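# Summary of the model geometry
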Amino acid sequence: MLETLQPQPADKILALVQAYREDPRETKIDLGVGVYKDATGLTPVMRAVKAAEHKLWEEQDTKVYTGLAGDPAFADAMINLVLGDAVARDSVAAAATPGGTGAVRQAFELIQMARPDARIFVSDPTWPNHLSILKYLGMQVVPYRYFDNDSRGVDAQGMLDDLAQAKEGDVILLHGCCHNPTGANLSAPEWDAVIALLQKTGATPMIDIAYQGFGDGLEADAAATRKVAFSVPECLIAASCSKNFGIYRERTGLLMAVSADQSARGLNQGTLAYLNRQNFSFPPDHGARLVTMILTDPTLRADWQAELEEVRQTMLGLRTQLATELQQRAGSDRFGFLAQHRGMFSRLGTTPEMVEKLRADHAVYMVGDSRMNIAGLNAQTVPILAQAIVEVGI
Ligand code: LMR
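Please read all numbers here as calculations on a predicted model, not as lab measurements. (Residues numbered from 1 in each chain as written. Predicted model: local features only at pLDDT ≥ 70, side-chain atom pairs only at ≥ 80, totals over all residues.)

Our next topic: the nonpolar core. Ranked by internal contacts, the top residues of the largest apolar core, which has 111 residues, are M78, A94, A107, I237 and V291. Counting contributing residues, this core receives three or more from each of domain 1 (11-44 + 312-392) and domain 2 (65-296). Beyond its immediate sequence surroundings of up to four residues, A94 is in contact with A69, A75, I79, L254, L255 and M256. (Core = buried A, V, L, I, M, F, W, Y, C linked by C-beta atoms within 7 Å. Buried ≥ 20, exposed ≤ 12 C-beta atoms within 10 Å, placed from the backbone. Domains from an automatic or database assignment. Contact = placed C-beta atoms within 7 Å.)

See the structure below:
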């Protein structure tokens, strides 16, 4: 039976991990998959996570199933982290999921159950796995303009013009902060314009927020998501704990369905639990429990926030250093956008041929669309990268 299977395309981001590993050159630089690395190249377990794990090991006396939607305390803690007091708690249905990707997948399935003919408007470009999952589910995708390759910022007018085509029953997928793969983000007034358009068209926003705390800070990064959720009748939010808690392999995420009509919550909650049951029954609990412990214990929380802020500042420092090195070596300000972008990623805005040249001639690994993981750099490798970019003629 299985001989009928067709080979599937390799994931472009994950394929890079393997190619990098196999490269024997000592000077190689990995700017591929989105994981944070410290100056020594390690993706550390955060201090608060270690402390919570220790406590959990001592205190946990059962590993019996949680609820289908995970532990309600995790949902409460995460809703508070992402939404603050922007909406009433009893307007939010929520289910824990295996990572942010799990939340995205469940959200798409929820949309498909509710509106099989919904069109999903996605930024051009977006995280490739959004497109891959949508294709797998057979859902309709409508790209909207987002990245302006000249300024390396957001083409806000193009975006608004394209989104004006959406209508009630369609979904507009937005990145809450730290846009992946470009690093270019909407300003506060541009978010307001998107919200006005959501209100006008009646389309439902779905927000993917995977990097809260990596851009302008924990609160600032959630501001747009909160404003959207507050301003529209219905909103889906897929949140990830992979990056900001550094618990990538624990697969910890939350899908939220916010409804201004609070009577809808019961139906939404039941449907989220049902969807979990069909796909994997109970969501993973270990990471979710650590996150709950950290967010509800003032000491652990303060330490986590302090370390997350160190991570954010490190990435900002690398951005500034890279923009400065390039300015000096290229004798031009054309790379200034690197210091303006936020989050882990920046799209350099060059061709796949140049990306390949960087790999072949300089052992620099980035995604083919010229997305760089800024956290893959350190103070020593920044000048090497800057030199490589100038030498290949970008
Ligand atoms: C990325 O975009 O590199 C991360 O979100 C990791 C992934 O799963 O692709």
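What follows concerns the pairing of strand β7 (residues 171-175). Burial of β7 is extensive: 5 of the 5 residues sit out of reach of the surface. Residue alternation in β7 divides its side chains into two sets, V171, L173 and H175 and I172 and L174, and both sets are buried. Of the pairings in the sheet, the one linking strand β3 (residues 119-124) to β7 comprises 2 bridges and is parallel in character. Following the sheet pairing, F121 is matched in β7 by I172. The pairing of β7 with strand β8 (residues 204-209) spans 5 bridges and is classified as parallel. Bridging across to β8, I172 finds its partner in P205. In this fold, the crossover linking β7 to β8 by way of helix α7 (residues 188-201) has right-handed handedness. (Helix = DSSP H or I, 4+ residues; strand = E, 2+ residues; numbered from the N terminus. Pairing = 2+ DSSP bridges. Right-handed = clockwise from strand over helix to strand, strands pointing away.)

One can read the domain layout of the protein chain as domain 1 (11-44 + 312-392) and domain 2 (65-296). Look at where the C-alpha atoms of domain 1 and domain 2 centre, and you get two points 28 Å apart. Contact with domain 1, which involves 21 residues of that partner, is made by 23 residues of domain 2. By residue number, the principal contributor to the side of domain 1 that touches domain 2 is strand β11 (residues 345-347), which donates 3 residues. Residues that form the side of domain 1 that touches domain 2 fall into these classes: 9 nonpolar, 6 polar and 6 charged. (Nonpolar A, V, L, I, M, F, W, Y, C, P; charged D, E, K, R; others polar.)

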